[in-house]
Amino acid sequence: MSIFPRISLKPEVSDYLKSVFLNNEVLAAVGLQEAESRFQKLLTCLSHPPSYTCVRASTHLAPLEEIRHKLGEDLKKQMCSSSAEEFSVQILPHPRIPDVLLLPVDGPRPVKQLSSEVVVGAQCGSAVLRGAHVFVPGIVGSPKYMKAGDVVSVLSDLEGRCTRGATSFQGKRGFVGNGVAQIARSSIFCTDEPTKGIGVRMVEPLYQSPSFDGVLPNLAFLQNLPSVVVGHVLGPRPGERILDMCAAPGGKTCHIAALMEDQGEVVALDRVKNKIDRIRQNAQMLQLRSIKVYCFNSIRAVSSNAAQDTEGPPFPPESFDRVLLDAPCSGLGQRPNMSCTWSLKEICSYQPLQRKLFHTAVQLLKKGGVLVYSTCTVTLAENEEQVAWALETFPCLTLQPQEPHIGAEGMLGAGLSPEQLRLLQRFSPELSWDQTGTAAPLPCRADGDTIGFFIAKFLKN
């Protein structure tokens, strides 16, 4: 059900995306009316959250059913101690992915907007739509005399135009629910020290889903369904040496190590220091010892010295059995996202970077090794066009079938053959937007109602 306007984009970006989704190959296959309909559905579903929360269970530490039971108990305790309305917790195993649990989201709900308003940044607003409370750093505006205990409506500043500390804001905004202020206005804006912690505890969110703050941190890991699929598609095996090239925040890195039963070596690279610390924290929390983390620019991860025997990067060519390139991208598949303020130049800036990383990935992969390329965006330039470029640039690469394959096939428009498109996996929520009503059983709709995402699997011959 649509309650928010379509994602707000700069006109140049909207026109660009329209040209992608109404390209000549698509028009020849489905016609103008259907192509236009899919594009409009995409813009609508991007501004809304998926109808479920996806949890990756740490099945290397405990059986799925045990984690499911503990999660249910923990969430019930959390709701009993919270002032939030009661709602039952349903936790369902995914029918095809053995380490995934699905929790339905109740929404949109009939919540009445109040006159007392707290304005939060768009990123914070999106987090609230997926079950989070409002943390103090996300608050940009509040009533002049707000004090702890006040009941307030929370609105997301869609275009980032609210001045920090504002007492009112009439710009473009989206209502995400009601909550209780945990802190006075003066403690947010009139202090030299940055304040942390919960600023507004949500009691009537527009979309009701459990908050996972502090819930089973080592057994239940919040992760989008396609991101879990990537780890399985890579197919890591115990004893292998695997490279995760752009690893932060470490969700996929940890999943790879868990699938290997923590036997072998997973090398995680990221160029940002504080992100590296987050990967280490996640690995420690999940009791994974096979992960080695380095702060390093993956573009320069190939050593010119083939005889090099130092442990860390750069590495000699053909050092890894499998490589995951979960590439930096324009992120246009993320949900919910009510507004993207990026220019077309920014959106189009990722393709060259992805190709540089691809060159490194192919060099570092052993013959007979597997390379998985993935993004969380919906453009052709960063997805199918990259596959077409890679197959032409690296004759040693061939596309491989993916397991599990629960998304749609690749999108027309990059000159790939029908056989090649069938080997790709594009998660396209617009294709099932009409069928994602809560009447359909959750396991049936979960595979279609995802973020926008893309996966390609190659073998190096």
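Keep in mind the model is a prediction, meaning the values are calculated, not measured. The residue numbers shown here count from 1 along each chain, following its written sequence. Restriction of local features to residues with pLDDT of at least 70 applies here, the model being predicted, together with a cutoff of 80 or more for giving and counting side-chain atom pairs; totals for whole chains, interfaces and linings are based on all residues. Each side-chain value is derived from all of the structure's non-hydrogen atoms; neither hydrogens nor water enter the calculation.

So, on to the UniProt feature "binding site: S-adenosyl-L-methionine" (unreviewed entry) in the protein. UniProt positions are given in the numbering used here, feature names are shortened, and annotations may be inferred rather than shown by experiment. Look at the UniProt record and you will see "binding site: S-adenosyl-L-methionine" (unreviewed entry) annotated at Cys 246, Ala 247, Ala 248, Pro 249, Gly 250, Gly 251, Lys 252, Asp 270 and Asp 326. In sequence the annotated residues extend across 81 residues, while in space they remain close, none of their C-alpha pairs exceeding 13.1 Å. To qualify as a helix, a DSSP run of H or I must reach at least 4 residues; to qualify as a strand, a run of E must reach at least 2; elements of each kind are numbered from the N terminus. Among the secondary structure elements, Ala 248 is positioned in the loop between β11 (241–244) and α8 (251–259). Aside from chain neighbours lying at most four places away, what touches Ala 248 is Asp 270, Lys 275 and Ile 279. Considering the arrangement of structural elements, one finds Asp 326 in strand β14 (residues 320–326). Two residues qualify as a contact provided that any one of their heavy atoms is within 4.5 Å of a heavy atom in the partner residue.

Our focus in this paragraph is the packing of aromatic side chains. Side-chain rings of Phe, Tyr and Trp, where Trp is taken by its six-membered ring, are said to pair if the distance between their centres is within 6.5 Å; with planes under 30 degrees apart they count as stacked, over 60 as edge-to-face, and otherwise as tilted. For the structure on display, the rule yields nine aromatic pairs. Ring centres of Phe 21 and Phe 39 lie 6.1 Å apart, and the angle between their planes is 35 degrees; on these two criteria the pair is classed as tilted. Placement of Phe 21 in helix α1 (residues 11–21) and of Phe 39 in helix α3 (residues 32–46) is noted, with a sequence separation of 18 residues between them. Each member of the pair, Phe 21 as well as Phe 39, is classed as buried. Each ring, one from Phe 315 and one from Phe 320, has its centre 5.1 Å from the other, and the planes form 85 degrees; the classification is edge-to-face. Of the two residues, Phe 315 and Phe 320, both sit in the buried class. Within the aromatic cluster, the residues linked to one another by ring pairs are Phe 358, Tyr 373, Trp 389, Phe 394 and Phe 458. For the exposure calls, accessible area comes from a 1.4 Å probe over protein chains only, and a residue counts as buried if that area is under 20% of its type's maximum, exposed if over 50%, partly exposed in between.

With that out of the way, let us pick up unusual backbone geometry. Cis geometry marks the peptide bond from Pro 313 to Pro 314, where omega comes out at 0 degrees. Turning to its location among the elements, Pro 314 is positioned in the loop between β13 (291–295) and β14. The step from Arg 335 to Pro 336 runs through a cis peptide bond, and the omega angle for that step is -10 degrees. Among the secondary structure elements, Pro 336 is positioned in the loop between β14 and α10 (344–347). Phi at Glu 261 is positive, roughly 60 degrees, even though this residue is not glycine. Relative to the assigned elements, Glu 261 resides in the loop between α8 and β12 (265–270). For Glu 261, a relative accessible area of 52% gives the class exposed. In the Ramachandran plot, Glu 318 falls in the positive-phi region, its phi being about 55 degrees despite a non-glycine side chain. Position of Glu 318 among the secondary structure elements: in the loop between β13 and β14.

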